[in-house]
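# Observations on the three-dimensional arrangement
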Amino acid sequence: QVQLVESGGGLVQPGGSLRLSCVASGSISSIREMGWYRQAPGNQREPVATISGRNTTNYPDSVKGRFAISRDNAKSTVYLQMNSLKPEDTAVYYCSVVAASRRAWGQGTQVTVSS
């Protein structure tokens with residue numbers, strides 16, 4: 001099993017930046033894929049960034065060029081750097097990993113972009 005603990009959410013002005021962190025514990029050696037997802041009220045949960053075990057990254061067009069995912073294997077941590085934030089980025093952000101063909105989720109952290 002993998003447990004995920006997130007931090008870094010909060011309130012930020014449009015155009016500002018935040019960095020989310022997610023620390024994994026448990027069966028971390030089995031982790032193969034990692035990513036960040038978000039869910040706004042009335043919307044389904046959607047991926048915003050994924051990174052493979054070979055550090056291949058993927059982003060949807062809505063965040064491409066503004067968000068960046070990275071990982072620090074020594075710290076068992078995955079990050080999401082968010083720049084040039086827009087009000088439409090407001091959502092609960094979740095860390096997720098695939099470990100031994102099973103998906104684990106973090107508790108979610110609120111990101112609010114507002115002036």
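Report follows, based on the coordinates. (Residues numbered from 1 in each chain as written. Predicted model: local features only at pLDDT ≥ 70, side-chain atom pairs only at ≥ 80, totals over all residues. Heavy atoms only, no water.)

### A closer look at the environment of Val78
Just so we agree on the cut-off: In DSSP terms, a helix is any run of H or I states spanning at least four residues, a strand is any run of E spanning at least two, and both are numbered starting from the N terminus. Here, residues are in contact when the closest pair of their heavy atoms is within 4.5 Å.
Mapping Val78 onto the fold places it in strand β8 (residues 77-82). For the pair formed by Val78 and Val97, sequence separation is 19 residues and the distance between their alpha carbons is 9.6 Å. In this structure, Val78 is in contact with Leu20, Ser21, Cys22, Met34, Trp36, Ile69, Ser70, Arg71 and Cys95, ignoring residues within four places of it in sequence.

### Overview of the nonpolar core
Stated formally: Working definition of a nonpolar core: buried Ala, Val, Leu, Ile, Met, Phe, Trp, Tyr and Cys residues. They are joined through side-chain atoms within 4.5 Å. Here's how the labels work: a residue is buried when its accessible area is under 20% of the maximum for its type, exposed when over 50%, partly exposed in between, all with a 1.4 Å probe on protein chains only.
If you look at the biggest cluster of nonpolar residues, it comprises 30 residues, and the most contacted ones within it are Trp36, Leu80, Met82 and Tyr93. Taken together, the elements giving at least two residues each to this core come down to β1 (2-7), β3 (18-26), β4 (31-39), β5 (46-51), β7 (67-72), β8, β9 (91-99) and β11 (109-113). Sort the elements by how many residues they give to this core and β9 lands first, with 5 residues. Among all residues touching Tyr93, those that are not within four sequence positions of it are Glu6, Leu20, Tyr37, Arg38, Val48, Phe67, Leu80, Met82, Gly108, Thr109 and Val111.

### A word on the pairing of β3
Worth spelling out the cut-off: When DSSP finds at least two bridges between two strands, those strands are taken to pair.
Here β1 runs beside β3; their pairing, made up of 6 bridges, is antiparallel. The partner of Val5 across the bridge, within β3, is Val23.

### Quick look at the environment of Tyr94
Along the chain, Tyr94 falls in strand β9. For the pair Tyr94 and Thr109, spaced 15 residues apart in sequence, the C-alpha separation works out to 6.6 Å.

### Regarding the sheet that holds β8
Keep this limit in mind: In this analysis an axis means a line fitted to C-alpha atoms, helices contributing only their contacting stretch, and an angle means the value between N-to-C directions, from 0 to 180 degrees.
Read across the open sheet, the 4 strands follow the order β1-β3-β8-β7; overall the sheet is antiparallel. Two strands bound the open sheet, and with one partner strand each, they are β1 and β7. Strand-to-strand, the axes of this sheet are offset by a mean angle of 20 degrees, without reference to chain direction.

### Remarks on unusual backbone geometry
Notably, Asn55 is not glycine yet its phi reads approximately 65 degrees, a positive angle. Topologically, Asn55 is positioned in the loop between β5 and β6 (57-58). Notably, Ser84 is not glycine yet its phi reads approximately 50 degrees, a positive angle. On the secondary structure map, Ser84 appears in the loop between β8 and β9.

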